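Each chain, written out:
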Amino acid sequence: MAIGIDNNPFNPGYGEIPPVLAGRDNLKNEVNRRLTKTYKGEKHPTAIALVGPRGCGKTALLGWIEEKAEKKKLPVIRLVKQHFESVDNLAKALTENADSNLRSRAYSIRGGLKDPTGHLGSAEVELKKESEYTPIENTLYLTNLLAAASTKGLAILVDEAHDLPPEVGRYFYDAAQSAAQRNPILLVIAGTPDLKSVLRRSKATFIERMNTRNIGLLSWDDTSRALIEPFGNNITFDDNAKFSILSKTQGYPYFIQHWGSALWDVLVRKGVTHVGDEEVKDARNTVDQLRNDLYFNRIKEFESKGMLVPVAETAFRIGEGGKPSAYEFDVTIKRMSHTLDKLEAEEKLLHTGFIWQEGIGNWQFGIPSLATYVREHGTEMIFNQIKIENALPSLRKVHSYFKLASKLPTSYLEENLNKFLKGTSQENQADDHLAFFSELGILCPGRKPDYCLLAAPLLTEAIFEKAERLEAKPEMEPNQEPTLQTRHESDDDYTPSM
Ligand SMILES: Nc1ncnc2c1ncn2[C@@H]1O[C@H](COP(=O)(O)OP(=O)(O)O)[C@@H](O)[C@H]1O
Ligand SMILES: [Mg+2]
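Residues numbered from 1 in each chain as written. Chains lettered and ligands numbered in written order. Predicted model: local features only at pLDDT ≥ 70, side-chain atom pairs only at ≥ 80, totals over all residues.

A. Representation of the pairing of strand S8 (residues 355–359) within the structure. Relative to strand S9 (residues 362–365), S8 is paired through 4 bridges, and the arrangement is antiparallel. Directly across from Gln357, in S9, lies its bridge partner Trp363. The hairpin turn running from S8 into S9, its antiparallel successor, is 2 residues long, and Gly361 in that turn takes a positive phi close to 75 degrees. (Pairing = 2+ DSSP bridges. Helix = DSSP H or I, 4+ residues; strand = E, 2+ residues; numbered from the N terminus.)

As structure tokens, this is what we get:
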């Protein structure tokens with residue numbers, strides 16, 4: 001089939017099923033077997049959890065599972081956050097197609113003939129308000145509804161499970177666990193890398209009984225399949241061009257779809273069927289813009305959650321081409337913990353997927369080139385904030401004090417900075433500047449009370465380098481300065497693992 005503007009097969013975005021859902025072969029085989037067994041009425045209570053950074057393909061996999069289940073005629077229920085806003089909302093979703101006898105038995109547990117779907121007519125017994133039911137009553141109710149819904153087998157798919165309201169979530173997990181012991185139910189949940197921590201907080205026993213599958217970057221071969229196959233046999237690629245595109249996707253599924261889609265449009269526009277360097281260059285213009293939008297959103301997310309300085313320092317420590325580790329994770333959490341509770345810091349950092357544990361001891365960047373972007377543009381953002389506060393000279397001075405010792409009494413910093421600022425336009429601002437550096441996360445409290453540490457030494461040096469570079473180019477107009485939308489070149493040498 002000729003390629004045209006209307007038949008672009010790629011599906012960039014979130015939650016879209018791609019034309020070729022590459023890789024994940026073991027998982028797909030396992031799910032396929034489980035779906036068949038569930039349809040046959042076998043009971044396997046172990047739930048499956050798909051865990052990975054945003055954009056790696058969890059929702060796409062849920063979509064794939066739903067399609068497979070439907071093909072096998074296995075009933076499927078897809079649940080999202082809104083269903084978990086109340087037990088009744090959840091009950092409604094669980095009972096749309098449930099066996100009516102079993103369903104009315106479940107309602108009677110609820111203390112009456114309340115029917116969330118309206119199928120059974122009016123209630124004869126006055127019902128309690130939802131908040132008046134005990135946790136056991138709620139769990140029992142949902143367990144029975146699940147039994148009613150799974151007489152022909154049932155697949156339940158829950159997306160964004162890291163973000164479920166915990167109260168109803170807890171009843172649901174308890175109910176799903178006990179219903180799946182006696183009924184053919186396959187539960188698959190998906191969430192960002194903080195999912196385990198969120199579940200651990202709310203529901204310890206469920207997490208021990210689930211099978212976690214990490215959904216990360218694709219291998220080189222799988223990237224190649226996902227990107228090249230949808231073009232079909234009529235489109236040919238220069239080896240160089242192909243290598244260049246595959247490298248630039250970094251094996252990140254979200255980028256793969258954007259690259260495929262942009263390249264398809266370039267071929268249509270130029271009316272050619274061969275991909276060479278020129279076509280790659282043209283597509284790159286489109287993809288770069290989209291990629292920078294994504295990076296910009298992520299960096300803004302870091303900033304709004306008070307994580308920018310800790311994350312940027314981590315990016316500098318790991319360095320270009322470096323690999324994260326458990327140690328780097330712990331140190332980053334430490335740097336965040338002066339403003340956040342430790343668990344909260346862990347969940348926030350894992351949620352961003354900046355670094356995450358793809359397997360035991362195997363730490364990875366969610367998107368490798370995001371670290372490069374953070375080093376460049378995170379530094380710029382922090383530098384700008386410091387410039388706005390006129391606090392660069394103070395930061396230089398504070399930095400020099402830490403050459404004397406790694407921990408300093410706060411009073412020492414205050415006194416000396418006050419002296420330094422005396423007679424300048426910044427007189428009496430020492431406290432303010434120190435508070436500002438603490439707020440940013442550049443300074444943090446030491447173990448001893450009233451002591452301070454320099455929490456982000458590498459970033460601080462990068463800020464000074466940035467300042468020197470800008471000072472060395474005074475003729476540069478402000479609008480010529482690099483901006484957050486600057487082209488980002490450094491991913492070219494990245495090659496996903498084979
Ligand atoms: N295995 C895969 N092969 C090719 N493209 C994929 C794959 N998994 C996901 N995608 C594409 O990547 C993008 C992000 O997928 P999505 O499922 O939304 O990720 P997540 O739910 O983890 O945030 C979508 O455009 C999707 O089509
Ligand atoms: Mg998703």
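Moving on, there is more to tell.
B. Summary view of the packing of helix H13 (residues 308–318) against helix H14 (residues 326–336). Orientation of H13 relative to H14, taken along the N-to-C sense of each, is 150 degrees, at an axis distance of 9 Å. Put simply, H13 runs roughly antiparallel to H14. Classified by chirality, the crossing of H14 by H13 is right-handed. Along the contact surface, H13 presents Pro310, Val311, Glu313, Thr314, Arg317 and Ile318, while H14 presents Glu328, Thr332, Arg335 and Met336. Residue classes in the contact of H13 with H14 are distributed as 4 nonpolar, 2 polar and 4 charged. (Axes fitted to C-alpha atoms, helices over the stretch in contact; angles between N-to-C directions. Parallel < 35°, antiparallel > 145°, perpendicular 65-115°, else oblique. Left-handed = near helix turned anticlockwise from the far one by under 90°. Contact = placed C-beta atoms within 7 Å. Nonpolar A, V, L, I, M, F, W, Y, C, P; charged D, E, K, R; others polar.)

C. Here's a closer look at the sheet that holds strand S5 (residues 210–214). In spatial order, the strands read S2-S3-S4-S1-S5; together these 5 strands make up an open sheet with parallel pairing. In the strand order of this sheet, the two ends are held by strand S2 (76–79) and S5, each with one partner. Taken pair by pair, the neighbouring strands of this sheet meet at an average axis angle of 15 degrees, ignoring direction. As defined by bridge partners, strand S1 (residues 47–51) adjoins S5 across 5 bridges and the pair is classed as parallel. The residue of S5 that forms the bridge with Ile48 is Asn211.

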